[in-house]
Amino acid sequence: MRKSKRRLWIIGAAAVVLAGAAGLASLALRDTMVFFYAPSDIAESPPAPGQHIRVGGLVVEGSVDRPAEGGANFSVTDGGADLRVIYRGSLPDLFREGQGIVAEGSFDGEGVFHASTVLAKHDETYMPPEVADALRENGMWEEPGAARSSGYEYRPPQPETSGEGS
Amino acid sequence: MIVFASLAALIAVIAGLFIARPLAREKHGAPIALVTTGAIALAAFMIYFPGAEPGEPGQPHSATVARLIEADPSTLTLEEQEERLRALVRREPDNTQALAMLGRLLAATERELEAVSVLERALRIEESARTLSDLGQTLVTLNEGEVTPAASRAFERAYELDPALPEPAFFLGLRAYQDGDREAAARYWGAIIAQLEPGDPFRGAIAARAADLLSRPSAGPALGAGGEAAGEAPFADLDPGEAEAMVAAMVDRLQARLDENPDDFSGWMTLVRARATSGQREAALASLAQAQSNFDSEPRRVMLSALARALGLVPVSGAQQDEETR
Amino acid sequence: MIAELGRFLIALALAASFAQLVFAWKGASRGGSGGFAEAGRLAVVAVVVSAGTAFALLIVAFLQSDFSIAYVAGHSHIDKPLLYKVAAAWGGHEGSMLLWCLMLGLFGLAISRVGPADPALRLRAVSVQAILQLLFFSFLAFASNPFDRLLPAPVQGADLNPILQDPALAVHPPLLYVGYVGLSSAFAIAAAGLIEKTPGRALGAALRPFALAAWTALTAGIALGAWWAYYELGWGGWWFWDPVENASFMPWLLGAALIHSAIATEKRGAFPGWTVFLALLAFILSTLGAFLVRSGVLTSVHAFALDPERGVWILGMLASAAVGGFALFALRAGSLGEGEGFEPTSREAFIGANNLLLAASAGVVLVGTVYPLILDMSGGAAVSVGPPYFNATATPLMIAALVLLPLAPFLPWANGGARAGLAQMRAALLLLPVAIGGGVLIWMGAPVLAVIGGALGLWVLGGAAMDAVGALPAARTRALKFAVAGRALAHAGVGFIALGAAADASRPPELTRALVPGESLTHAGHTVTLEDVHRADGQNYLADRATLRLERGGILQPERRYYPAADQNTREVAIRTRLSGDFYAAIGEPRLQPDGRVGYEIRLAFHPMIWALGLGAFMIVLGGGCALYARAAGRVVQRRRVAGETAARGANS
């Protein structure tokens, strides 16, 4: 009698907590999930102003504008379309033109995208998976070729020989 | 290879024996222990082999450096040359020659930031016109062609130390050009051309560059010094009709101005170029002849004939062209 | 030759692991003694010596800068400072896998020396550990060999990622790995117990010290990582709910649950099945973490070299461990037995509740972490799950756990009954500081979450203090004293972390503005003036160093560095620590002003009371250390008593 009663207690408590956690998780997931958009998705069907989204793509060469007061504005592309990103923070150290980045933020009422965070990867050979997918769809991304078995990070210096100095 | 193989075998057998020894206490222990030892050693070798390079000795960096320093630099790749210079600098931190060469090499391989730091280090030890000039050029590259105050300080000091060095004078001229003083630029460039022997490749190169820069329309978009694409029309993005009209209007204005003020060397060059590129070959040749008669100093003539060659107004001998445009 | 010898030693360690599996298994079946048992024990020694020597050889290769080894070429440079040449041996994937494998061996050795008292169980655990060793050593030897050659050798290396060139990060991976891999020994003992049909209570006792050691190291490793992210990455935060962070947080939560449920199992035989299940799950989640971190299937802000092929390997190892462990559990859980009964107000009940909440937290973190992955694989939209989700789910669960935490030490085992009333009275006393603290915070206008967190922090701290005051004098033996001190310290540490996190929730948003020398900027009541920016180059980097003068006195000198060998910029933030919090400054890119002067982006942030987080982590680690010491001391006493009794019996007969 006692044993079964205890077991009932335990199972009851566990059920309540687990149900609570599951409910919480699914509710929170629905409300806080951040969707990823490629620039061409946005060109097709722009998300509502204020909706928190992630945008990713390659930083367009030459598109980075560094205002005097700090921050940076730049365009990302997935090959299909470009998107201008306005960012007030300090760019991550690994931010480079031509490289894949992910920006998180939202559109304002005038259709301008303001990023609250810009993620650039520490590993410069890295491509955020969502960005890689988006680029693949647009044929701008090739799988890294048959590198050596374990994909070393070694990058030999790439000299662009010119006559100078020799 | 043999040393390694025997050492590895020894280690494997010792490890095998170490593990298998207690097995000897069991029933039929001795053969089990022996088989185990053999199996462990064999397994180790079988796991080892895929991807192994047993014959390749290690290459500690010190050995690599010793080899590079011994070697004849001309047989080395660019990377090896760089490493050789770095090793020399590490060994003799005051070796300004190595520092200067390293700096130049870094600048040539688009690592300007580091090049600036290395050249500055060389200059702190010993001032040299050549190094100063390299520093200035690196700063110019770093700033996308703009001769910044820091770069121009370096060139000025280099010019002071060795006025015969062509690069500082050329970049001081470029500075003047970027500031809008084309006449001063023409003077600087003319002075170098005057100094150099007629066969010197620099002479032709500077003349060609000067001709390109001085013949650009000064009212057009500020092209700065960047434009490597010589002869590219600054209004290429307009539609042909509009462009033609604009060129014609510009040419007329320029002609009128030159009639008043025939000493404008750059103006004459611009006029020749504008006419040549808009297809008025005869008019261009006439203007060229007029300019040549207005400016009879040797360097100016060299610049004018460089312009004429670049525009195809006079026939070019292939070899000379190659040499001059580098 | 060093490289090839290292490669050979890794192969030998793998071969010896196989011998360890076979002989320890056979030895265990023979009751844990005899030649096979001895051979199994010696095999662990051979594994550790081989792997240890291989690791030492790798360090030697780094010291020599032997760039004919691909891993060295990829992670070192001749101009790198000595410390980081050594630390690079575990700074990249291959080297860290070697360290991971070495630690697996070391924990195998620890099991074989100080593991479960029952010799058959101990040896069985050694042989289960050998299975894990086989999995990871194979991965090391065939897919992540740090001694793979790169021929012809480059003349110079590519340098270690500059952000990893940091003292905290030199020790962060080894600590984290002690944690992750330590959980493997709990896994091995749990699985061995199921095979041996060991009663739950004995198994709980055998598990606990290993789980405790692992969890303590994991805590230290995570704390160091968070600290590093805080000051080295210059992002101005310490926890981002990033997949890589979650990967370490899930095993931590389960480890925390495990060390508590193991107490209940050991002392009272309560929840034996659950304890064993946790021990299996915690290591599996560690491996899942390694998979998430190394395979690059999720977008993380942290740095790792990624390789899908490796991801498949790790997934395979994960699947083997999970399938094997859970199948065993399903078959044998019945043999663990059932504990004695307890009342809902007993300590067991509270530990059970704490376990439920911790496990549920780990569950929601897991869901949030892998949901984007599952959605993506099932062809759904690409999404990411960020801090708002985790704040909405894990935070309430942890708040509930914090409410219960201080009460448990006052509750008796088994029967709540009579003394429960007393416990409630104490609880009422504890509410006083909470009420005061909450009032003060509200008065200061802090956000709701900060008020709740602050009040709970004080509640937990008060409970820990009362626990120490009440229980320490009553503890008679040294072991008991340390056990109580460990408990109180660790609980107080949790309290401090709650306080720190609450304070951090009320931090003002950071400010970035380009300043020209001479200009000032005000943030969070601090005004700073940029005095100048000058060059401050180091051994292997170029740097701009800003001098910022604080109006309140003192200067801050953040740097922006450029590492030419790696072609990468990093920031060294400058932090002024006071009791009220950290004032944090970083220098960013230069910005040309319209008037032609050059300005620099200056980023300012204020982190209120962030020291509480560090202090809390330190106290938890110290508490874990005390508890481990108590365990060891208790063991010695027990052994002496047994030895004494045997001696006395010998004398009597």
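Residues numbered from 1 in each chain as written. Chains lettered and ligands numbered in written order. Predicted model: local features only at pLDDT ≥ 70, side-chain atom pairs only at ≥ 80, totals over all residues. Heavy atoms only, no water.

Chain C is annotated in an unreviewed UniProt entry as Heme lyase CcmF/NrfE family subunit of Marinicauda pacifica. Recorded in UniProt under Sequence similarities (unreviewed entry), the annotation for chain C is "Belongs to the CcmF/CycK/Ccl1/NrfE/CcsA family." Of chain C, the UniProt comment under Subcellular location (unreviewed entry) reads exactly: "Cell inner membrane". (UniProt positions renumbered as here; feature names shortened; annotations may be inferred.)

Chain A goes by Cytochrome c-type biogenesis protein CcmE in an unreviewed UniProt entry, where it is assigned to Marinicauda pacifica. Regarding chain A, the relevant UniProt record gives this comment under Function (unreviewed entry): "Heme chaperone required for the biogenesis of c-type cytochromes. Transiently binds heme delivered by CcmC and transfers the heme to apo-cytochromes in a process facilitated by CcmF and CcmH."

Engineer: Can you walk me through the overall build of chain C in this structure?
Structural biologist: The secondary structure content of chain C amounts to 17 helices and eleven strands. Scored against the burial criterion, the 653 residues of chain C give a buried share of 63%. (Helix = DSSP H or I, 4+ residues; strand = E, 2+ residues; numbered from the N terminus. Buried < 20%, exposed > 50% of the residue type's maximum accessible area, 1.4 Å probe, protein only.)

Engineer: Could you clarify how one ought to interpret the pattern of salt bridges in this entry?
Structural biologist: It is possible for side chains of opposite charge to pair when their charged atoms get near one another. One pass over the structure, following the stated rule, counts 38 salt bridges over all chains. The partner of Arg603 of chain C in a salt bridge is Glu510 of chain C, with the nearest N and O atoms 3.0 Å apart. In this pair, Arg603 of chain C is assigned in strand β11 (residues 598-608) and Glu510 of chain C in the loop between α16 (478-505) and β2 (511-515), connecting sequence segments 93 residues apart. For Arg603 of chain C, a relative accessible area of 7% gives the class buried. Given a relative accessible area of 35%, Glu510 of chain C falls into the partly exposed group. Residues joined in a network through salt bridges with shared partners are Arg66 of chain A together with Glu589, Arg591 and Glu601 of chain C. (Salt bridge = Lys/Arg side-chain N within 4 Å of Asp/Glu carboxyl O.)

Engineer: What exactly am I supposed to notice about the packing of aromatic side chains here?
Structural biologist: Each aromatic ring pair is described using two quantities: the centre-to-centre distance and the angle formed by the ring planes. All names here are of chain C. A complete count under the given rule lists 36 aromatic pairs over all chains for this structure. Here the aromatic rings of Trp100 and Tyr180 are separated by 5.9 Å at their centres, their planes lie at 40 degrees, and the arrangement is tilted. You can see Trp100 sitting in helix α5 (residues 93-114) and its partner Tyr180 sitting in helix α7 (residues 167-196), a full 80 residues away along the chain. On the accessibility criterion, Trp100 (2% relative accessible area) is buried. Taking the relative accessible area as the measure of exposure, Tyr180 reaches 7% and is therefore buried. Seen in terms of ring centroids, Trp241 and Phe390 are 4.8 Å apart; in terms of plane orientation they differ by 5 degrees. Their pairing is stacked. Here the residue Trp241 occupies a position in the loop between α8 (200-231) and α9 (243-268), and Phe390 occupies one in helix α13 (residues 387-404), the gap between them amounting to 149 residues. Assigned by exposure class, Trp241 and Phe390 land together as buried. (Phe/Tyr/Trp six-rings, centres within 6.5 Å; stacked < 30°, edge-to-face > 60°.)

Engineer: So what exactly am I meant to see when it comes to the side chain of Gln129 of chain C here?
Structural biologist: All names here are of chain C. On the secondary structure map, Gln129 appears in helix α6 (residues 119-143). Given the relative accessible area of 0%, Gln129 is considered buried. Those residues in contact with Gln129, other than ones at most four positions away along the chain, are Leu104, Phe107, Gly108, Ile111, Ser184, Ser185 and Ala188. (Contact = heavy atoms within 4.5 Å.)

Engineer: What should I look at first to understand helix α2 (residues 35-64) of chain C in this one?
Structural biologist: Owing to its 3.6 residues per turn, the α-helix aligns residues three or four sequence positions apart on the same side. Residues and elements named next belong to chain C. Taking 1.5 Å per residue as the helical rise, α2 with its 30 residues ought to reach 44 Å, and the 42 Å between its terminal C-alpha atoms agrees with that figure. With 21 of its 30 residues buried, α2 lies for the most part within the structure. Remark: Ser65 follows α2 within two positions and exhibits a positive phi of approximately 50 degrees. (Expected span 1.5 Å × (residues − 1).)

Engineer: Any chance you could explain a nonpolar patch on the surface here in plain terms?
Structural biologist: Residues and elements named next belong to chain A. Among the surface-exposed residues, Trp9, Ile10 and Ile11 lie close enough to one another that they form a single nonpolar patch of about 320 Å² accessible area. Within the fold, Trp9 resides in helix α1 (residues 2-32). Take Trp9: its relative accessible area is 53%, and that puts it in the exposed class. (Patch = residues over 30% accessible without salt bridge, like charges linked within 9 Å, V, L, I, M, F, W, Y side chains within 5 Å. Areas by Shrake-Rupley, 256 points an atom, 1.4 Å probe, with all protein chains shown as cover.)

Engineer: Can you walk me through the pairing of strand β2 (residues 53-59) of chain A in this structure?
Structural biologist: Regular strands place their side chains on alternate faces of the sheet. Residues and elements named next belong to chain A. Across the seven residues that make up β2, a large majority, seven, are buried. One ladder, built from three bridges, connects strand β1 (residues 34-37) with β2; its direction is parallel. Bridging across to β2, Phe35 finds its partner in Ile53. Bridge count between β2 and strand β5 (residues 100-107): six bridges; the pairing is antiparallel. Bridge pairing in β5 links Gly56 to Val102. (Pairing = 2+ DSSP bridges.)

Engineer: Can you help me understand unusual backbone geometry in this one?
Structural biologist: The general pattern is negative phi for most residues beyond glycine and trans for most peptide bonds. Look at the link from Leu151 of chain C to Pro152 of chain C: it is a cis peptide, with omega at -5 degrees. Secondary-structure assignment places Pro152 of chain C in the loop between α6 and α7. The phi dihedral of Glu110 of chain B falls on the positive side, at around 65 degrees, and the residue is not glycine. The residue Ser65 of chain C is not glycine, and still its phi comes out positive at about 50 degrees. Structurally, Ser65 of chain C can be placed in the loop between α2 and α3 (70-75).

Engineer: Honestly, the sheet that holds strand β9 (residues 574-578) of chain C in this entry has me stumped. Any pointers?
Structural biologist: Across a sheet, paired strands are connected by hydrogen bonds in the backbone, their directions being either parallel or antiparallel. Residues and elements named next belong to chain C. Within the open sheet, the four strands sit side by side as β2-β11-β10-β9. Their pairing is antiparallel. Both outer strands of the open sheet, β2 and β9, are each paired with one neighbouring strand and no more. For this sheet, the mean inter-axis angle between neighbouring strands, taken without regard to orientation, is 20 degrees. One ladder, built from five bridges, connects β9 with strand β10 (residues 581-592); its direction is antiparallel. Its bridge partner lying in β10, Arg576 is registered against Phe583. (Axes fitted to C-alpha atoms, helices over the stretch in contact; angles between N-to-C directions.)

Engineer: Honestly, the nonpolar core in this entry has me stumped. Any pointers?
Structural biologist: Core analysis: the largest hydrophobic core is formed by 169 residues, its most contacted members being Trp100 and Phe147 of chain C. With 16 residues, helix α1 (residues 2-29) of chain C is the largest single contributor of residues to this core. In contact with Phe147 of chain C, other than residues within four places in its own chain, are Ile2, Ala3, Gly6, Arg7, Ile10, Ala54, Leu57, Leu58, Ile69 and Leu98 of chain C. Grouped together as the second largest cluster of nonpolar side chains are 57 residues, Val116, Leu123, Ala169 and Leu213 of chain B included. (Core = buried A, V, L, I, M, F, W, Y, C linked by side-chain atoms within 4.5 Å.)

Engineer: Which parts of the structure should I look at to understand the packing of helix α2 (residues 29-48) of chain B against α1 of chain C?
Structural biologist: Each pair of packed helices can be summarised by the angle the axes make with each other and by the distance between the axes. Axis separation between α2 of chain B and α1 of chain C bottoms out at 8 Å; the angle between their running directions is 135 degrees. In terms of their interaxial angle, α2 of chain B and α1 of chain C are classed as oblique. As α2 of chain B runs across α1 of chain C, the sense of the crossing is right-handed. Two secondary-structure elements touch here, α2 of chain B through Thr36, Ile40, Ala43, Ala44, Phe45, Ile47 and Tyr48 of chain B and α1 of chain C through Glu4, Arg7, Phe8, Ala11, Leu12, Leu14, Ala15, Ala19 and Phe23 of chain C. Broken down by class, the residue content of the contact of α2 of chain B with α1 of chain C amounts to 13 nonpolar, one polar and two charged. (Parallel < 35°, antiparallel > 145°, perpendicular 65-115°, else oblique. Left-handed = near helix turned anticlockwise from the far one by under 90°. Nonpolar A, V, L, I, M, F, W, Y, C, P; charged D, E, K, R; others polar.)

Engineer: Where do I start with the environment of Gly225 of chain C in this structure?
Structural biologist: Residue and element names in this part refer to chain C. Within the element layout of this structure, Gly225 appears in helix α8. Judged by its relative accessible area of 12%, Gly225 is buried. Linking Gly225 and Glu245, residues 20 residues apart in sequence, is a C-alpha distance of 8.9 Å.

Engineer: What exactly am I supposed to notice about the pairing of strand β3 (residues 72-77) of chain A here?
Structural biologist: Residue and element names in this part refer to chain A. Counting buried residues along β3, six of its six residues qualify, which places the element largely inside the surrounding structure. With two bridges joining them, β2 and β3 adopt antiparallel strand pairing. Counted as the bridge partner of Leu58 is Thr77 from β3. Bridge count for β3 against strand β4 (residues 82-87) is six bridges, and the pairing is antiparallel. Counterpart to Thr77 in the pairing with β4 is Asp82. Taken together, β3 and the strand that follows it, β4, pair antiparallel across an intervening segment of four residues, in which Gly79 is found at a positive phi of about 95 degrees.

Engineer: Quick question: what am I supposed to make of the confidence of the model for chain C here?
Structural biologist: For any part of a model where pLDDT is low, the fine detail of the predicted coordinates should not be relied upon. All names here are of chain C. Taken residue by residue, chain C gives an average pLDDT of 86. The fraction at 70 or more is 90%. No element of chain C has a lower mean pLDDT than helix α14 (residues 420-443), at 63, and none a higher one than α2, at 96. Predicted confidence is poor over residues 301-305, with pLDDT under 50, and the contacts of this stretch with residues over four places away or in other chains come to 23 contacts. (pLDDT = per-residue confidence, 0-100.)

Engineer: Would you mind showing me how to read the packing of helix α15 (residues 448-471) of chain C against α16 of chain C here?
Structural biologist: Residue and element names in this part refer to chain C. Remark: α15 packs on α16, axes separated minimally by 7 Å, with the N-to-C direction vectors making an angle of 165 degrees. Viewed along their axes, α15 and α16 adopt a mutual orientation that is roughly antiparallel. For the pair α15 and α16, the sense of crossing is left-handed. Residues Ala450, Gly453, Gly454, Gly457, Leu458, Val460, Leu461, Ala464, Asp467, Ala468 and Ala471 of α15 touch α16, and the partners they reach there are Val484, Arg487, Ala488, His491, Ala492, Gly495, Phe496, Ala498, Leu499 and Ala502. Here the contact of α15 with α16 is built from residues that sort into 14 nonpolar, five polar and two charged.

Engineer: Explanation requested: the side chain of Asn355 of chain C in the structure shown.
Structural biologist: Residues and elements named next belong to chain C. Among the secondary structure elements, Asn355 is positioned in helix α12 (residues 347-377). Residue Asn355 is classed as buried on the basis of its relative accessible area of 1%. If near-sequence neighbours (up to four positions away) are discounted, Asn355 is found in contact with Ala257, Leu258, His260, Ser261, Trp274 and Leu278.

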